[in-house]
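Descriptive analysis of the structure
Chain by chain, the residues:
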Amino acid sequence: MSARGDATKQKLFDATLKLATSRGLVGLTVDEIAATAGVAKGTVYYNFASKDALVDALLRYGVGQLADRLRTAGGGRGAMAALESQVDSALEFIAEYPGFSQILVSEMWRTPGQWHETLSLLREEIISIVKDTLQRIADECGLPDAIQIPTAAAGLFGTMLVVALDWRVFQPQRSKAEVRDSVLLLVRGMANTAR
């Protein structure tokens, strides 16, 4: 893909994000996306077969970015430090891309919506990263036997998203460290009760 093609796709992603943040994804039209991006309607179809294909690519792109950050943050550290770094990375990502995060929250838990299949796969990718880190915590620090790591990973992922959005919208005066420590309090408490 040429630099010009990449720049055009980025414009389309940004326009879709901007519109979807205030209105959601379902009601968007290709005309609105093109106008907001400052391109012809045909440019949308040249780069993506349809609005659904554009949204699908947007979701994959954003979750891919988050997954890459979580993997990088989790490497080369002890398990608890890796989780702290991953939560920091998730908070930074959500602060950087609040519109994408709002879309992710609203679409992910909507009863089978239009992008349910794509979001299911993307959710699995993120949760498997968190699950691996929680398994490392269980192995290194111990967790109560009653903790089901797959369920805890899904809960932690959801907590990161919702708490981070709440921070950005309702509590922007709090520091990232305060928010991170609030999210991690649950995991630290579980690890301490296992000892």
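Residues numbered from 1 in each chain as written. Predicted model: local features only at pLDDT ≥ 70, side-chain atom pairs only at ≥ 80, totals over all residues. Heavy atoms only, no water.

1. Examining the packing of helix 5 (residues 79-96) against helix 7 (residues 116-140)
For the pair helix 5 and helix 7, the least separation of the axes is 8 Å and the interaxial angle reads 150°. By the criterion of interaxial angle, the relationship of helix 5 to helix 7 is roughly antiparallel. For the crossing formed where helix 5 meets helix 7, the hand is left-handed. Residues Ala79, Met80, Ala82, Leu83 and Gln86 of helix 5 form the contact with helix 7, whose own contacting residues are Ile129, Thr133, Leu134, Arg136, Ile137 and Glu140. (Axes fitted to C-alpha atoms, helices over the stretch in contact; angles between N-to-C directions. Helix = DSSP H or I, 4+ residues; strand = E, 2+ residues; numbered from the N terminus. Parallel < 35°, antiparallel > 145°, perpendicular 65-115°, else oblique. Left-handed = near helix turned anticlockwise from the far one by under 90°. Contact = heavy atoms within 4.5 Å.)

2. What to know about the packing of aromatic side chains
For the structure shown, the criterion picks out four aromatic pairs. Ring centres of Phe13 and Phe48 lie 5.7 Å apart, and the angle between their planes is 55°; on these two criteria the pair is classed as tilted. On the criterion of sequence distance, the pair formed by Phe13 in helix 1 (residues 3-23) and Phe48 in the loop between helix 3 (41-47) and helix 4 (51-74) is long-range, its members being 35 residues apart. A relative accessible area of 9% places Phe13 in the buried class. When the centroid spacing of 5.4 Å and the interplanar angle of 10° are considered together, the rings of Phe13 and Tyr61 count as stacked. One end of the pair, Phe13, is in helix 1; the other, Tyr61, is in helix 4, and 48 residues separate them in sequence. The rings of Phe13, Phe48 and Tyr61 are connected pair by pair, giving a single aromatic cluster. Lying over the aromatic face of Trp167, Arg168 brings its terminal NZ or CZ to 4.7 Å of the ring centre. (Phe/Tyr/Trp six-rings, centres within 6.5 Å; stacked < 30°, edge-to-face > 60°. Buried < 20%, exposed > 50% of the residue type's maximum accessible area, 1.4 Å probe, protein only. Lys NZ or Arg CZ within 6 Å of the ring centre and 35° of its normal.)

3. Considering the nonpolar core
Among the nonpolar cores identified, the biggest contains 57 residues, and Leu12, Ile33, Leu59 and Leu134 are the most heavily contacted of them. The element that contributes the greatest number of residues to this core is helix 8 (residues 149-170), accounting for nine residues. (Core = buried A, V, L, I, M, F, W, Y, C linked by side-chain atoms within 4.5 Å.)

4. Points about the UniProt feature "domain: HTH tetR-type" (unreviewed entry) in the chain
Per the UniProt record, the feature "domain: HTH tetR-type" (unreviewed entry) sits at residues 6-66. In the segment residues 6-66, helix accounts for 80% and strand for 0%; the C-alpha atoms at its two ends are 19 Å apart. (UniProt positions renumbered as here; feature names shortened; annotations may be inferred.)

5. A look at the UniProt feature "DNA-binding region" (unreviewed entry) in the chain
UniProt marks residues 29-48 with the feature "DNA-binding region" (unreviewed entry), using the numbering shown here. Annotated as 75% helix and 0% strand, the span residues 29-48 places its first and last C-alpha atoms 13 Å apart.

6. Concerning the environment of Ile129
Examined against the element boundaries, Ile129 turns out to sit in helix 7. Note: C-alpha distance between Ile129 and Leu70 (59 residues apart in sequence) is 7.2 Å.

7. Re the confidence of the model for the chain
Mean pLDDT over the chain stands at 84; residues scoring 70 or higher make up 92%. Within the chain, no element has a lower average pLDDT than helix 9 (residues 176-193), which sits at 77, and none a higher one than helix 2 (residues 30-37), at 92. (pLDDT = per-residue confidence, 0-100.)

8. Brief notes about the side chain of Lys51
Along the polypeptide, Lys51 turns up in helix 4. Buried and without a salt bridge, Lys51 has Asp52 as its closest oppositely charged side chain, separated by 4.8 Å. Setting aside anything within four residues of it in sequence, one finds Lys51 in contact with Leu25, Val26, Gly27, Leu28, Thr29, Val30 and Ile33. (Lys, Arg positive; Asp, Glu negative; His and termini not counted. Salt bridge = Lys/Arg side-chain N within 4 Å of Asp/Glu carboxyl O.)

9. Remarks on the packing of helix 4 against helix 6 (residues 98-108)
In the contact formed by helix 4 and helix 6, the axes pass within 11 Å of each other and the chain directions differ by 110°. Classified by the angle their axes make, helix 4 and helix 6 are roughly perpendicular. Where helix 4 crosses over helix 6, the two elements pack in a sense that is left-handed. Counting all contacts with helix 4, which are made through Leu58, Leu59, Gly62 and Val63, the residues of helix 6 involved are Phe100, Ile103 and Leu104. A breakdown of the residues in the contact of helix 4 with helix 6 according to their chemical character gives six nonpolar, one polar and no charged. (Nonpolar A, V, L, I, M, F, W, Y, C, P; charged D, E, K, R; others polar.)

10. What about helix 2?
By the burial criterion, the buried members of helix 2 are Val30, Ile33, Ala34 and Ala37. Mapping the buried residues of helix 2 onto a view down its axis gives an arc of 95°, with all of them on the same face. (Arc of directions from axis to C-beta.)

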